[in-house]
Amino acid sequence: MTAPTRIRATLKEGATELRMLLAHPMENGLRKDAEGKLIPAHFITELSVRRNGELVLAADFGPSISTNPYLAFSLAGGAVGDEIAVSWRDNRGETRSDTIRIA
Amino acid sequence: MDRRRRKVLKAGGGMGIWAALVATGIVAPAMAEGSRNVAAFEARTLDEALQALGAAAAQDSGAIRIVAPDVAEDGRAVALTVSSDIPRTEQIAILIEENPFKVAANFRLSGAMTPTIHTRVKMARTTRVHALVKAEGRIYAARREVTVTVGGCGT
């Protein structure tokens, strides 16, 4: 089980400012643990952000994105009640989707 | 469109159908999910990565800004902002030249999105950061050096 994505959305001067923190180890598969064993690759490969069901940002990640990826950007427009959904998939096929509503 | 996608995926199963939707123009290629540039993300040299992204002959642009600390104390999480003033920016890619895997992310932007992205990246050591912007089928590039005091071990 993975932890939920923390999503913050604020309406500001006709725009929606989004900040999100995804819970993920983002292992690149080249690091070794204390016993010298290779830690298998485990990182988010795809991310999508939707507003009221419409895709507003799609991204592909590599393992050079930091552990627990952080992302912030802004969208034109927006209103109270808008639904923001953040979904990701990782290289092991695990997925997670979290949704908030702008208050 | 999403509902249709689900149905089609269920019916046809997997990437093939998704690619077909892109090909038929039902889904705009730049925004399509499942269009990961595998070659770019697996590239272990900068040249391979740039080649795979179609950026081998990218034009340098002053309209791309990379904001990063001059000196990063901790290479495990370096705050990075990439902004593009190039009209109709469709994609923004971030590459970390000295990392084992060069491409950190490739963002496909909708028209609703302001072309500025804030994120955090790992840096194995002092490195150049490359930002690539795709707009109207052309690719533009900018670079910036970041000195790293303590590398993001193995990154």
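Residues numbered from 1 in each chain as written. Chains lettered and ligands numbered in written order. Predicted model: local features only at pLDDT ≥ 70, side-chain atom pairs only at ≥ 80, totals over all residues. Heavy atoms only, no water.

**Q** Would you mind showing me how to read the overall build of chain A here?
**A** Each helix and strand counted, chain A has zero helices and seven strands in total. Ordered by position from the N terminus, the helices and strands of chain A form the series β-β-β-β-β-β-β. Its C-alpha atoms give chain A principal-axis dimensions of roughly 50 × 20 × 20 Å. For chain A, with 103 residues in total, the buried portion stands at 49%. Long-range pairs, those at least 24 residues apart, make up 55% of the contacts in chain A with a sequence separation of at least 6. Roughly 4900 Å² of accessible area belongs to chain A as shown, and the carbon and sulfur atoms make up 49% of that amount. (Helix = DSSP H or I, 4+ residues; strand = E, 2+ residues; numbered from the N terminus. Buried < 20%, exposed > 50% of the residue type's maximum accessible area, 1.4 Å probe, protein only. Contact = heavy atoms within 4.5 Å. Areas by Shrake-Rupley, 256 points an atom, 1.4 Å probe, with all protein chains shown as cover.)

**Q** Would you mind going over the interface of chain A and chain B with me for this structure?
**A** Much of the literature gives interface size as the accessible area that the parts lose upon coming together. Taken together, the contacts link 31 residues of chain A with 38 residues of chain B. Of all residues in chain A, the largest losses of buried area upon contact with chain B belong to Asp60, Ser64 and Tyr70 of chain A, amounting jointly to 23% of the total for that side. At the boundary of chain A with chain B, the tally comes to one salt bridge. Among the ionic pairs, Asp60 of chain A bridges to Arg108 of chain B, the shortest N-O distance being 2.6 Å. Elements supplying a minimum of two residues to the side of chain A that touches chain B: strand S3 (44-51), strand S4 (54-61) and strand S5 (70-76) of chain A. The sheet contact formed by S5 of chain A and strand S7 (residues 116-121) of chain B spans two bridges and is antiparallel. Bridge pairing in S7 of chain B places Leu71 of chain A opposite Thr119 of chain B. (Buried area = accessible area lost by both parts, 1.4 Å probe. Salt bridge = Lys/Arg side-chain N within 4 Å of Asp/Glu carboxyl O. Pairing = 2+ DSSP bridges.)

**Q** Sorry if this is basic, but what is going on with the packing of aromatic side chains here?
**A** Geometrically, a pair of aromatic rings is defined through the distance of the ring centres and the angle of the planes. In this structure the tally under the stated criterion is one aromatic pair over all chains. Centroid distance Phe61 of chain A to Phe107 of chain B: 6.1 Å. Interplanar angle 75°. Geometry classified as edge-to-face. With Phe61 of chain A in strand S4 and Phe107 of chain B in strand S6 (residues 103-109), this residue pair bridges two chains. Phe107 of chain B matches Phe61 of chain A in its accessibility class, with the two residues each being buried. (Phe/Tyr/Trp six-rings, centres within 6.5 Å; stacked < 30°, edge-to-face > 60°.)

**Q** It is not clear to me how the UniProt feature "domain: Sulphur oxidation protein SoxZ" (unreviewed entry) in chain A should be interpreted in this structure. Could you clarify?
**A** Taking the UniProt record as the reference, the feature "domain: Sulphur oxidation protein SoxZ" (unreviewed entry) is found at residues 8-99 of chain A. Between the C-alpha atoms that bound residues 8-99 of chain A the distance is 10 Å, and the span itself is 0% helix and 52% strand. (UniProt positions renumbered as here; feature names shortened; annotations may be inferred.)

**Q** Would you mind showing me how to read the sheet that holds strand S4 (residues 78-84) of chain B here?
**A** By definition, the strands of a sheet pair up through backbone hydrogen bonds, in either a parallel or an antiparallel sense. The strand order S1(A)-S2(A)-S5(A)-S7(B)-S4(B)-S2(B) describes an open sheet built from six strands, whose pairing is antiparallel. For this open sheet the edge positions go to strand S1 (6-12) of chain A together with strand S2 (64-67) of chain B, each flanked by a neighbour on one side alone. Strand after strand, the sheet turns through a mean of 15° between neighbouring axes, direction not considered. Both strand S2 (residues 15-21) of chain A and S5 of chain A contribute to a ladder of seven bridges, which runs antiparallel. Within S5 of chain A, the residue paired with Glu17 of chain A across the bridge is Ser74 of chain A. (Axes fitted to C-alpha atoms, helices over the stretch in contact; angles between N-to-C directions.)

**Q** Is there a simple way to explain the nonpolar core in this structure?
**A** The nonpolar side chains of soluble globular proteins are, as a tendency, buried together. Residues Leu47, Val49, Phe61, Leu71 and Phe73 of chain A together with Phe107 of chain B are the most contacted members of the largest nonpolar core, which totals 50 residues. Of all hydrophobic cores here, the second largest spans 14 residues; its members include Phe41, Leu46, Leu95 and Ala141 of chain B. (Core = buried A, V, L, I, M, F, W, Y, C linked by side-chain atoms within 4.5 Å.)

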